[in-house]
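# Observations on the model geometry
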Amino acid sequence: MAFVKTEVQGAVEIITIDRPKALNALNPEVLADLKAAFEAVDQETIRCIVLTGEGDKSFVAGADIGSMSTMTKAEGEAFGKLGNDVFLMIESFPIPVIAAVNGFALGGGNELAMSCDIRICSDNAVFGQPEVGLGIIASTGGIVRLARDINRKDCMELLLTGKKIKADEAQKLGLINYVVPAEDVMDKAIELAEQCLKNAPLALKWTKYLVHAADQMSEEDAMRYCDGAYRFLEKTEDGIEGPAAFVEKREPKWVGR
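A short tour of the structure in this document, coming up.

Cut-offs and rules
- Residues numbered from 1 in each chain as written.
- Predicted model: local features only at pLDDT ≥ 70, side-chain atom pairs only at ≥ 80, totals over all residues.
- Heavy atoms only, no water.
- Helix = DSSP H or I, 4+ residues; strand = E, 2+ residues; numbered from the N terminus.
- Rg over C-alpha atoms; globule rule 2.2 N^0.38 Å.
- Buried < 20%, exposed > 50% of the residue type's maximum accessible area, 1.4 Å probe, protein only.
- Contact = heavy atoms within 4.5 Å.
- Areas by Shrake-Rupley, 256 points an atom, 1.4 Å probe, with all protein chains shown as cover.
- Pairing = 2+ DSSP bridges.
- Axes fitted to C-alpha atoms, helices over the stretch in contact; angles between N-to-C directions.
- Disulfide = S-S within 2.5 Å.
- Expected span 1.5 Å × (residues − 1).
- Core = buried A, V, L, I, M, F, W, Y, C linked by side-chain atoms within 4.5 Å.
- Patch = residues over 30% accessible without salt bridge, like charges linked within 9 Å, V, L, I, M, F, W, Y side chains within 5 Å.
- Salt bridge = Lys/Arg side-chain N within 4 Å of Asp/Glu carboxyl O.

### Concerning the overall build of the protein chain
- For the protein chain, the helix and strand inventory stands at eleven helices and ten strands.
- Whereas a compact globule of 257 residues would reach a radius of gyration of roughly 18 Å, the protein chain reaches 19 Å, a difference of no more than 12%.
- Expressed as lengths along the three principal axes of its C-alpha atoms, the size of the protein chain is roughly 60 × 40 × 35 Å.
- In the protein chain, buried positions account for 44% of the 257 residues.
- Long-range pairs, those at least 24 residues apart, make up 68% of the contacts in the protein chain between residues at least 6 apart in sequence.
- Here the protein chain displays about 13,400 Å² of accessible surface, and carbon together with sulfur accounts for 56% of that area.

Structure, rendered in structure tokens:
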């Protein structure tokens, strides 16, 4: 992979978009490499992913506008579909994905961060969906995920003005979980990953799935679906191991079954 690199630290895999000279901007090659990196994750041994960008200036500055300007209609459509597919894959990935946002997260960069489960950013990070200023819209999840994640009025202001906001405002709006000094972003991401590692893999997988599925259901159906998942999980090996470890006052030994 030319534009994405990976590093394994125990049960955590760090996936880094590696195009710093272009502020890690997204083009078809970057998206293809990102897709390949997630597809190559060994889910038997990796139990949490940290996604970040190379350098200290940018997580992902957005789509590569120069590249987009030379695309044919068919190429542009393929690029958009690939972006949607990759972001949906990350959002629905069976293990937790933590975004370590180290700088600009604009347009596709903000959309990529929003596809992750937990988001940490540096105190110099900048977020926004500036697409309307280019005569287009935030199509790869910017509208849909932003409307889901933050207050509607704030969502409308960001999308309609195309303005950029700093880390503290992004946290206030609920877009970001933590804001930390730039040098501490990866440490905080790894700390949260290690907290996730203490929990049962199947329980994490089903929790992710149910959070997203519940958005598409009535409250009554969602509650019924969650109860069904609970009844399934309590009969699994991990569902039996967890209470036993608690009673015996020891650390649980998860097997993912």
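The discussion continues.
### Thoughts on the sheet that holds strand β7 (residues 118-122)
- Taken together, the six strands give an open sheet; going across it, the order is β1-β2-β3-β5-β7-β10, and neighbouring strands pair in mixed fashion. With partners counted over all chains shown, the strands left at the sheet margins are β1 (4-9) and β10 (178-180), one partner each. Taking the axes of each pair of neighbouring strands and ignoring which way they run, one obtains an average angle of 20° across the sheet.
- Relative to strand β2 (residues 12-17), β1 runs antiparallel, the two sharing six bridges. Considered in β2, the bridge of E7 is made with I14.

### Notes on the state of the cysteines
- Under the criterion given, the structure shown has zero disulfides.
- No disulfide involves C196; its sulfur sits 4.6 Å from that of C48, the nearest cysteine.
- Among the residues examined, C196 registers a relative accessible area of 11% and is labelled buried.
- Unpaired in terms of disulfides, C226 finds its nearest cysteine sulfur in C196, a separation of 18 Å.

### With respect to helix α9 (residues 201-214)
- Spanning 14 residues, α9 covers 20 Å between terminal C-alpha atoms, matching the ideal 20 Å at 1.5 Å per step.
- Residues of α9 that are buried: L202, L204, K208, L210 and A213.
- Turning to α9, the residues buried within the fold contact α3 (73-91), β5 (97-101), α8 (185-197) and α10 (219-233).

### Describing the nonpolar core
- Core analysis: the largest hydrophobic core is formed by 46 residues, its most contacted members being L34, F38, L51 and F127.
- Filtering out sequence-adjacent residues up to four positions away, F38 remains in contact with I15, I49, L51, M89, I90, F93 and V97.

### Description of a nonpolar patch on the surface
- Together, I65, M68, L134 and I136 make up an exposed nonpolar region whose accessible area comes to about 340 Å².
- Looking at the element boundaries, L134 is found in the loop between β8 (126-128) and α5 (142-149).

### Focus on the sheet that holds β8
- An order of β4-β6-β8-β9 is seen for the four strands of this open sheet, with the pairing classed as mixed. The sheet is open, and its two borders are formed by β4 (58-60) and β9 (164-166), each paired with just one other strand. Ignoring strand direction, the axes of neighbouring strands in this sheet form an average angle of 20°.
- Looking at chain direction, β8 and β9 are connected through three bridges and run antiparallel.

### Here we look at unusual backbone geometry
- If you check the backbone angles, N24 has positive phi at about 60° while not being a glycine.
- By the secondary structure assignment, N24 is in the loop between β2 and α1 (28-39).
- Classification of N24 as buried rests on a relative accessible area of 0%.
- A positive phi angle, close to 55°, is found at K249, a residue other than glycine.
- Position of K249 relative to the elements: it lies in the segment after α11 (237-247).

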